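Read off the chains here:
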Amino acid sequence: MVNFDVIVVGAGTAGSYASYLLAKAGLNVALIEMKRRDKVFKTTGDAIGIHHIERMSIKPPSDVIMIRYEGAELYSPDLSVKYVVLGKGFGLDMAKWAQWLIGEAERAGAHIFDNHKVQGPIIENGFVSGVRVLKPDGSTEDFRAKVVIDASGVGAVVRSRLPREWWVSEPLLPEDVSNAYREIIQVDYDIEKPEFIKIYLDANIAPGGYWWLFPKSRNTMNIGLGLWGKLSEEQGLNPRHNYDRYLANSNIRGVGR
Ligand SMILES: Cc1cc2nc3c(=O)[nH]c(=O)nc-3n(C[C@H](O)[C@H](O)[C@H](O)COP(=O)(O)OP(=O)(O)OC[C@H]3O[C@@H](n4cnc5c(N)ncnc54)[C@H](O)[C@@H]3O)c2cc1C
């Protein structure tokens, strides 16, 4: 059995940054991540508003930022209406971002347990007193702490396994989920206005959500779509299928002109 002040489950952005802050404040922190450390990476659109990063008390190194944005262009379904929303942002290299944040947590003193999978909370006398962990060698071990933070994202490995009558108990409902798929592609032409991310509302391509084209450089783009989880469940919609059907072979270059 291992004892900590705080256990943080999941070394994504939320978990790593929380671990950094808590360890820096002098607490004994365990950051538990099921993936191997060098494989921690989130598939996203890679775009983030600059205000989020400005609120952090640490600044990312320059190689984490691939492109700077001036705003977003939002397109109506028939592309006839375009709203331009100004606001600065970054296009990130998410692999470097993840490794940088885990490193910051570790440098602040957090203990990193990668390749360790949390199986669920340990509940004693009406409190969460720790988590049960599957270790790389196949054995399990109980980690205990005064506080457990569930930062396991959509995994929801702690909060979805609490007694239903607890107000913090939170099952993951399809209506709260967006199912998404994206690819990063290189093109042989200059992307128009790469300093603007582009968001398209289209009920065929991305029902209940949107599809996006986020430039990563003059010739590289992150392109994908997200569907409302409830529709995915009720109608069997799959974002990869819609990507292949509508976006993979489309004349992306002409979209929104
Ligand atoms: C395709 C796509 C595009 C997106 N685009 C954008 C975008 O452009 N901009 C933006 O701001 N947001 C975007 N998002 C949303 C963004 O990715 C999430 O909001 C963000 O990653 C959430 O961070 P997190 O730390 O809470 O969770 P996550 O990043 O999901 O991290 C959770 C971590 O917990 C670990 N974990 C899970 N279960 C366990 C377990 N049992 N034991 C141990 N570890 C566990 C996982 O391996 C993971 O490392 C996008 C999401 C997707 C899917």
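Residues numbered from 1 in each chain as written. Predicted model: local features only at pLDDT ≥ 70, side-chain atom pairs only at ≥ 80, totals over all residues. Heavy atoms only, no water.

A.B. asks: Sorry if this is basic, but what is going on with the overall build of the protein here?
C.D. replies: Of the regular secondary structure elements, the protein holds five helices and 13 strands. Overall size of the protein, expressed as C-alpha extent along the three principal axes, is 60 × 45 × 35 Å. For the protein, with 257 residues in total, the buried portion stands at 45%. Sequence-distant contacts, at least 24 apart, represent 62% of the contacts inside the protein between residues at least 6 apart. Carbon together with sulfur atoms contributes 53% to the accessible area of the protein, which is approximately 13,800 Å² in total. Averaging the locations of the 31 positively and 31 negatively charged side chains of the protein gives two centres separated by 3 Å. (Helix = DSSP H or I, 4+ residues; strand = E, 2+ residues; numbered from the N terminus. Buried < 20%, exposed > 50% of the residue type's maximum accessible area, 1.4 Å probe, protein only. Contact = heavy atoms within 4.5 Å. Areas by Shrake-Rupley, 256 points an atom, 1.4 Å probe, with all protein chains shown as cover. Lys, Arg positive; Asp, Glu negative; His and termini not counted. Charge placed at Lys NZ, Arg CZ, Asp CG, Glu CD.)

A.B. asks: Whenever I open this one, the environment of Ile 50 confuses me. Can you help?
C.D. replies: By secondary structure assignment, the location of Ile 50 is in helix α2 (residues 50-54). Between the C-alpha atoms of Ile 50 and Glu 141, which are 91 residues apart in sequence, the distance is 40 Å. With residues near it in sequence (within four places) discarded, Ile 50 still touches Lys 88, Gly 89 and Phe 90.

A.B. asks: Just to check I follow, could you spell out the sheet that holds strand β6 (residues 111-113) for this structure?
C.D. replies: Strand pairing within a sheet occurs via backbone hydrogen bonds; the two strands may be parallel or antiparallel. Taken together, six strands build an open sheet; the order of strands is β6-β2-β1-β9-β8-β7 and the sheet is mixed. Looking at strand neighbours, the two that pair on one side only are β6 and β7 (117-124), the edges of this open sheet. The mean inter-strand angle of the sheet, taken between neighbouring strand axes irrespective of direction, is 40°. Pairing of strand β1 (residues 2-9) with strand β9 (residues 140-150), which is carried by seven bridges, proceeds in the parallel orientation. Each residue of the ladder has a partner; that of Phe 4, found in β9, is Ala 145. Across the sheet, helix α1 (residues 13-24) is in contact with β1, β2 (29-32) and β9; its angle to β2 comes to roughly 170°. (Pairing = 2+ DSSP bridges. Axes fitted to C-alpha atoms, helices over the stretch in contact; angles between N-to-C directions.)

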